[in-house]
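Listed below are the residues making up each chain.
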Amino acid sequence: MVSGSNDNTIRVWDAHNGCQIGSPFEGHTDSVWSVAFSPDGRWIVSGSNDKTIRVWDAHNGSQIGSPFKEYPDSIYSVAFSPDGRWIVSGSDDKTIRVWDAHNDSQIGSPFEGHTDIVCSVAFSPDGRWIVSGSLDKTIRVWDVHNGSQIGSPFAGHTNSVCSVAFSPDGRWIVSGSLDNTIRAWDAHNGSQIGSPFEGHTDIVWSVAFSPDGRWIVSGSFDNTIRVWDSHTGFQIGSPFEGHTDIVWSVAFSPDGRWIVSGSADNTIRVWDSHTGFQIGSPFEGHTDGRWIVSGSNDNTIRVWDAHDGSQIGSPLEGHTDSVQSVAFSPDGRWIVSGSLDKTIRVWDAHTGSQIGSPFEGHTQWVASVSFSPDGMFVVSGSWDMQIRFWKVGHHGKQYFS
């Protein structure tokens, strides 16, 4: 399994045990928006906000050749052709481009027609067509060999199209949108098949067909994954719940038994596609790295943009003495702080508001605080020579010391 992240890295994981295989693939200088394996599994392609496409050896993480650098803007989506010879990319510059996977040269001219950012691209199973989805609310199909648009744009979504995919037989296209719906289309004539699939309560960012084409999986800004009958549009079972933030990406395993999801909560999760149960623990390792938190003798906590050094929001105020230690929760949603005022406090990282009451119990200065890997507990160390464990979200209930 491969993942790309806002921490600028690509990571490969063992799908059975959740262990990271080898070291992160490093080279991109900004967020990695899209990753894909080559059909033979030997290579990985990545597209990034640093305006480059890179190809990697899947087994040792080494970059193959130079980055593809002819893009003037961020790259949102990349995919290999079914024979592995070509790579397609969609970009901020509203174009689709095709590349020779072996020598990083662009094949032909950019495919032009979209009037806004191209968020998603995919090859048809026979490699003859490319489908693209855009912020211009349309889906378009292109002839790979000459770059011409086939037919008229597929129109129906009432907001930006975030994700597109071909069915395994190439007859249908599925799309997910900012209008919170999924739609199925006839790939040959662009007609919408049936009614929109409705159920998500926020943006649908990722969609994919099962290997047999019977099911569609979707991931959303509502933090859920849902499975749908591709022929009827009915939701199958309950939403898959567990992620604590936006679900950016979803895909089926080759045998259709599992679904993998990647989220803004910095985790990857594997699910049983039939029951919706999560298999094992989340795969953790990616970090956000966008923010820095600091504590000070002025009794405040401050959050900073790691890239430009600007302060984000107002200082977090509540402590009555120097703040000695601060830390983010693993999902980046919370901040914990320890102070000379003998208290520990938990804060909402996005709003700066204090969550619940201070954790009180130490009889001397609090010198150090940290979250547990699952984010459920806080541990604190104090000048009173005690270590204490606290349950987060239960009003600072102390479990033991």
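One can find the structure itself at the top, above this paragraph.
Residues numbered from 1 in each chain as written. Predicted model: local features only at pLDDT ≥ 70, side-chain atom pairs only at ≥ 80, totals over all residues. Heavy atoms only, no water.

(A) Main features of the overall build of the chain. Broken down by element type, the chain carries 0 helices and 32 strands. Over its C-alpha trace the chain gives a radius of gyration of 23 Å, about what one expects of a compact globule, namely 21 Å for 401 residues. Dimensions of the chain along its principal axes, counting C-alpha atoms only, are 75 × 45 × 35 Å. Counting all 401 residues of the chain, 50% fall into the buried class. Put simply, of all contacts in the chain between residues at least 6 apart along the chain, 37% involve residues at least 24 apart. Approximately 17,600 Å² of the chain is accessible, and the part contributed by carbon and sulfur atoms is 49%. Charge centroids of the chain, computed over 25 positive and 45 negative side chains, lie 2 Å from each other. (Helix = DSSP H or I, 4+ residues; strand = E, 2+ residues; numbered from the N terminus. Rg over C-alpha atoms; globule rule 2.2 N^0.38 Å. Buried < 20%, exposed > 50% of the residue type's maximum accessible area, 1.4 Å probe, protein only. Contact = heavy atoms within 4.5 Å. Areas by Shrake-Rupley, 256 points an atom, 1.4 Å probe, with all protein chains shown as cover. Lys, Arg positive; Asp, Glu negative; His and termini not counted. Charge placed at Lys NZ, Arg CZ, Asp CG, Glu CD.)

(B) Highlighting the pattern of salt bridges. A full pass over the atoms with the stated rule returns 15 salt bridges. Across the pair Asp 136 and Arg 140 runs a salt bridge, and its minimum N-O distance is 3.6 Å. A single burial state applies to Asp 136 and to Arg 140, both of which are buried. Between Arg 171 and Asp 169 there is a salt bridge; the shortest N-O distance is 3.6 Å. Neither residue differs from the other here; Arg 171 and Asp 169 are each classed as exposed. (Salt bridge = Lys/Arg side-chain N within 4 Å of Asp/Glu carboxyl O.)

(C) Inspection of unusual backbone geometry at higher detail. Phi angles above zero are rare outside glycine, and Asn 8 is one such case at about 75°. Secondary-structure assignment places Asn 8 in the loop between β1 (2-4) and β2 (10-12). Judged by relative accessible area, which is 18%, Asn 8 ranks as buried.

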